[in-house]
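Analysis of the macromolecular model
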Amino acid sequence: MYLPPHDPHVDDPMRFKPLFRIHLMERKCATVECMYGHKGPHNGHIQIVKKDEFSTKCNQTDHHRMSGGRQEEFRTWLREEWGRTLEDIFHEHMQELILMKFIYTSQYDNCLTYRRIYLPPSSPDDLIKPGLFKGTYGSHGLEIVMLSFHGKKAKGTKITGDPNIPAGQQTVEIDLAHPLQLPDIENLRDFSELSRIVLEVQEQVRREEQEEEHRQEEEDRSQQAASQPAAKPLGGEGAEGEETAAGAEGTAQNKAPVSQPFVLPMGVISRNEDYPRTCRICFYGTGLIAGHGFTSPERTPGVFVLFDDDRFGFIWLELKSFSLYSRIKVSFQNAEAPSREAFDEMLKNIQSLAT
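Keep in mind it's a predicted model, so treat the numbers as computed, not measured.

All right, on to the overall build of the protein chain then. Within the protein chain, the secondary structure is distributed over 6 helices and 18 strands. Approximately 20100 Å² of the protein chain is accessible, and the part contributed by carbon and sulfur atoms is 51%.

See below:
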């Protein structure tokens, strides 16, 4: 298992933890050993379920227990997962979330189902190389997100989840057709100024979506109304003009300054204060928030900040929070990248994974 570094050190390397091993014996026999717990390898089982999926089961879960009971198991897990003790964590809400995660993960006792993750395909036109990133998620700690590109959109899909947003959900969506021009560094410190800029773009996006829906309805009606070939719907030329403008805007993006000063507005909370102080470009985007158990999910406006080829950030406007993401540089051998169409289909079918 590849675990993210300890919160909030997002640039640190991934941590490695063995979960099981297979001994190949003579006469085509094999034995499976569970590596979970602190009492050494013990008897386990592996089952191939279907293509790209298998399950593991521990046959001796008593090897996972500690003499000090659940309290000792929790303290040991806390040191390994978070690199600290419960006494070091003063925030009550954070203590509650950490305890929830321990209860959720420990109940599986290494009886898990594994599904293959296909890395997203890349294109020379992509803003940066797609792939896996470690990101800060406030009191939830560090989580793994897969960044992929889909035309004028970029998506961040959770590979690991939390009690609010489970794995498989689209945590952020970036609108590459709507870059944001940040104010100068002094005005950027004013949260209300950044909020004004973002909400104006949000309103613009809403109007464009309504116009697109109206054009589509007009086109559908014109095709159904006449038996002769339908005339070109009103607004068609305007739509082409918008595409051209968007293309010109994309060209302008490529000519944007290599870097510009960046600072978080006052009042925006960041787990990691060591974020870059320059960025390349920013875009309007939305982030997914929800209550515990993924209740009342909603997409809220935010700012995608591209720092360099390996780091980006997202300002959650409603939460007044900032997430910093850093590329996972582990070399996954034999990782396959499907076509964009196949990847889009797989993205729809990603199921929730264990946190």
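There's plenty left to go through after this.
Tracing the backbone shows Y118 in the loop between β7 (112-115) and β8 (131-136). A C-alpha to C-alpha distance of 10.0 Å links Y118 and M146, two positions 28 residues apart in sequence.

The strand order across the open sheet formed by 5 strands is β3-β4-β5-β6-β7, and the pairing between neighbours is antiparallel. Only two strands of the sheet have a single partner each, and these edge strands are β3 (20-24) and β7. Here the average twist between neighbouring strands, direction ignored, is 35°. As defined by bridge partners, strand β5 (residues 42-50) adjoins strand β6 (residues 53-58) across 6 bridges and the pair is classed as antiparallel. Directly across from I46, in β6, lies its bridge partner T56.

To continue, consider the packing of helix α1 (residues 69-82) against helix α2 (residues 92-106). Put simply, α1 and α2 touch, their axes get as near as 11 Å, and they point 105° apart. Taken together, α1 and α2 sit at an angle that is classed as roughly perpendicular. Between α1 and α2, the contacting residues are R70, E73, F74, W77, L78, E81 and W82 on the first element and M94, I98, L99, K101, F102, T105 and S106 on the second.

Further remarks concern empty space enclosed by the protein. Tallied over the entire structure, the rule returns 2 cavities of 30 Å³ or more. Of the pockets and cavities examined, the largest cavity occupies roughly 60 Å³. Around the largest cavity, the lining is made up of 11 residues, and of these L97, K101, H140, D162 and P163 lie nearest the centre. Here the lining of the largest cavity takes 3 residues from α2, the largest share from any one element. Tallied by class, residues from the lining of the largest cavity come to 4 nonpolar, 4 polar and 3 charged. Two domains each provide a minimum of three residues to the lining of the largest cavity, namely domain 1 (2-115) and domain 2 (131-191 + 257-353).

In this section: the nonpolar core. L180, F262, V303, I315 and F322 are the most contacted members of the largest nonpolar core, which totals 25 residues. Within the residue set of this core, elements represented by two or more residues are α4 (191-225), β15 (281-291), β16 (295-308) and β18 (321-327). Contacts of I315, omitting those with residues within four sequence positions, involve L194, F262, L264, P265, V268, P301, G302, V303, S321 and F322. Core analysis: the second largest hydrophobic core is formed by 19 residues, I128, V145, F312 and F314 among them.

Take the state of the cysteines next. For the structure on display, the rule yields 0 disulfides. The thiol of C111 is not disulfide-bonded; the next cysteine sulfur, from C58, is found 6.3 Å away. Judged by relative accessible area, which is 30%, C111 ranks as partly exposed. Of all cysteine sulfurs in the structure, the one in C282 sits closest to C279, which takes part in no disulfide; the separation is 4.0 Å. Here C279 falls in the buried class, since its relative accessible area comes to 0%.

With that settled, consider unusual backbone geometry. Cis rather than trans, the peptide bond between D7 and P8 has omega equal to 0°. Backbone geometry places D52, a non-glycine residue, at a positive phi of 65°. On the secondary structure map, D52 appears in the loop between β5 and β6. On the basis of relative accessible area, D52 is assigned to the partly exposed category, the value being 25%. Not every positive phi belongs to a glycine, and N110 is a case in point at roughly 65°.

About the cut-offs
Residues numbered from 1 in each chain as written. Predicted model: local features only at pLDDT ≥ 70, side-chain atom pairs only at ≥ 80, totals over all residues. Heavy atoms only, no water. Helix = DSSP H or I, 4+ residues; strand = E, 2+ residues; numbered from the N terminus. Areas by Shrake-Rupley, 256 points an atom, 1.4 Å probe, with all protein chains shown as cover. Pairing = 2+ DSSP bridges. Axes fitted to C-alpha atoms, helices over the stretch in contact; angles between N-to-C directions. Parallel < 35°, antiparallel > 145°, perpendicular 65-115°, else oblique. Contact = heavy atoms within 4.5 Å. 1 Å grid on protein atoms, 1.4 Å probe; cavity = no way out; pocket = protein on both sides within 12 Å on 5 of 7 lines; lining within 4 Å. Points joined across faces, edges and corners; volume = space filled by probe spheres on them. Nonpolar A, V, L, I, M, F, W, Y, C, P; charged D, E, K, R; others polar. Domains from an automatic or database assignment. Core = buried A, V, L, I, M, F, W, Y, C linked by side-chain atoms within 4.5 Å. Buried < 20%, exposed > 50% of the residue type's maximum accessible area, 1.4 Å probe, protein only. Disulfide = S-S within 2.5 Å.

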